[in-house]
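So you can see what is in the structure, the chains are spelled out below.
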Amino acid sequence: MHPVSICHLKKSFADKIVFNDINLTIDEGEFLTLLGPSGCGKSTLLRSLAGLTSIDSGEIYIGDQPITHMPVQKRGIGMVFQSYALFPNLNVFDNIAFGLKLQGLDSQTIRTQVQEILELVELTDFQNQFPKELSGGQQQRVALARSLVVRPKVLLLDEPLSALDARIRKHLREQIRAIQQELKLTTIFVTHDQEEALTLSDRIALMHQGEIIQCDAPEQLYLDPINQFAASFMGQYNLLDPQQASQLTGQNYPGVVAIRPESIYFEESGRTYPDHFTTPLKASVLNHQLLGSVIRYQVNCHQTQLTVDLLNRRAERLYAPGTYVNLRIDCSTIRALKA
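A. A look at unusual backbone geometry. Phi is positive for Ala85, which is not a glycine, with a value near 55°. Take Ala85: it is sitting in the loop between β6 (77-80) and α2 (92-102). For Gln303, which is not glycine, the phi dihedral falls at a positive 65°. As for its placement among the helices and strands, Gln303 is situated in the loop between β15 (294-301) and β16 (304-311).

B. Spatial organisation of the sheet that holds strand β4 (residues 57-62). An order of β2-β1-β4-β5 is seen for the four strands of this open sheet, with the pairing classed as antiparallel. Bordering the open sheet on either side are β2 (16-26) and β5 (65-66), each of which pairs with just one other strand. Here β4 pairs with β5 via two bridges, running antiparallel. Bridging across to β5, Tyr61 finds its partner in Pro66.

C. Molecular detail of the pattern of salt bridges. For the structure on display, the rule yields twelve salt bridges. For Asp94, the salt bridge goes to Lys101, with nearest N and O atoms at 3.4 Å. On the accessibility criterion, Asp94 (23% relative accessible area) is partly exposed. On the accessibility criterion, Lys101 (46% relative accessible area) is partly exposed. Asp202 is the salt-bridge partner of Arg177, the closest N and O atoms lying 2.7 Å from each other. Within this pair, whereas Arg177 is found in helix α5 (residues 166-183), its partner Asp202 is found in the loop between α6 (194-200) and β9 (203-208), the two being separated by 25 residues in sequence. Under the relative-accessibility criterion, Asp202 is labelled partly exposed at 31%. The network of salt bridges with common partners includes Arg169, Asp193 and Glu196.

D. Looking closely at α5. Taking 1.5 Å of rise per residue, 18 residues should cover 26 Å, and α5 covers 26 Å from first to last C-alpha, within 8% of that figure. Within α5, the full set of buried residues consists of Arg169, Leu172, Arg173, Gln175, Ile176, Arg177, Ile179 and Gln180. Capping the start of α5, Asp165 holds a side-chain oxygen 3.2 Å from the backbone nitrogen of Arg167, two or three residues further along. Directly beyond the C-terminal end of α5, a positive phi value near 55° is found at Lys184.

E. Up close: the side chain of Thr44. Summarising the element assignment, Thr44 is placed in helix α1 (residues 42-50). Accessibility expressed as a relative area gives 16% for Thr44, which makes it buried. If sequence neighbours within four positions are ignored, Thr44 has contacts with Lys11, Phe13, Val18, Phe19 and Thr53.

Conventions adopted
- Residues numbered from 1 in each chain as written.
- Predicted model: local features only at pLDDT ≥ 70, side-chain atom pairs only at ≥ 80, totals over all residues.
- Heavy atoms only, no water.
- Helix = DSSP H or I, 4+ residues; strand = E, 2+ residues; numbered from the N terminus.
- Pairing = 2+ DSSP bridges.
- Salt bridge = Lys/Arg side-chain N within 4 Å of Asp/Glu carboxyl O.
- Buried < 20%, exposed > 50% of the residue type's maximum accessible area, 1.4 Å probe, protein only.
- Expected span 1.5 Å × (residues − 1).
- Polar contact = N/O pair within 3.5 Å; in protein donor to acceptor, adjacent residues only side chain to side chain.
- Contact = heavy atoms within 4.5 Å.

As structure tokens, this is what we get:
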């Protein structure tokens, strides 16, 4: 277990600044995700930590040890890439054992440690197979095992699940999180997938144009976004200007506000609504999307288009386009945003 400190880190390519004055501390045993759109600098930041990309200025520490100018192989960092990067001519056992052999360990120690990791990633029965004989999810578990077996101080994961299909991706991210918690391994994960970040992380550092916009626990980041970018990136927030918000809620706001789609309700007959809900607002249904357990409606209310998420309880709850409904908005969940 080792904390990571990033202090005033700066990186440019030619005249383009990738990130500038990045400061971040990752606690011992923490799972931190760098989240953001393509081109925001998250993968370059991860590669800088690994020593695969040089930095212009700033310092990186693991514990009390500065590693900024340390060679890659001496940093004590394990890294898993999107492209599994396995040796095609080596079987699973030898792929995993490769780093241990470089350390000069004896064959019995290598066998013991590899077997332990194979059990951890549930690949014991596949140790004699070659990468081409494995599925994508299995290959990624081999890559993960190869990084874990050398017992790194810090584990870096660069979008390791993005090439996998949804079912395997969900299973593997649960497995990664379980292994990380079991080993209490300080882990930094890069993704552009909000659901993945919310599911896996102890904290999320949301990046935009080379800056960390907000760094918080997943619940805090989702429920209380700091600005318009955070709100728009983290979900289907309804972003309303002060005039629109005032018209719907009867309250005054100094700037743009964010309303979560699950904080807007279709009024149900016989249900009592608390005082912090709006009075009924007449709206018309524009369309809907079935998202499994959630039905997402687009509605028009007082010339403002809103997104409303309702639980999919039964088929007869579906409202056809053109249907008029009364909305109720939970005003206690409305967030005023910075620009």
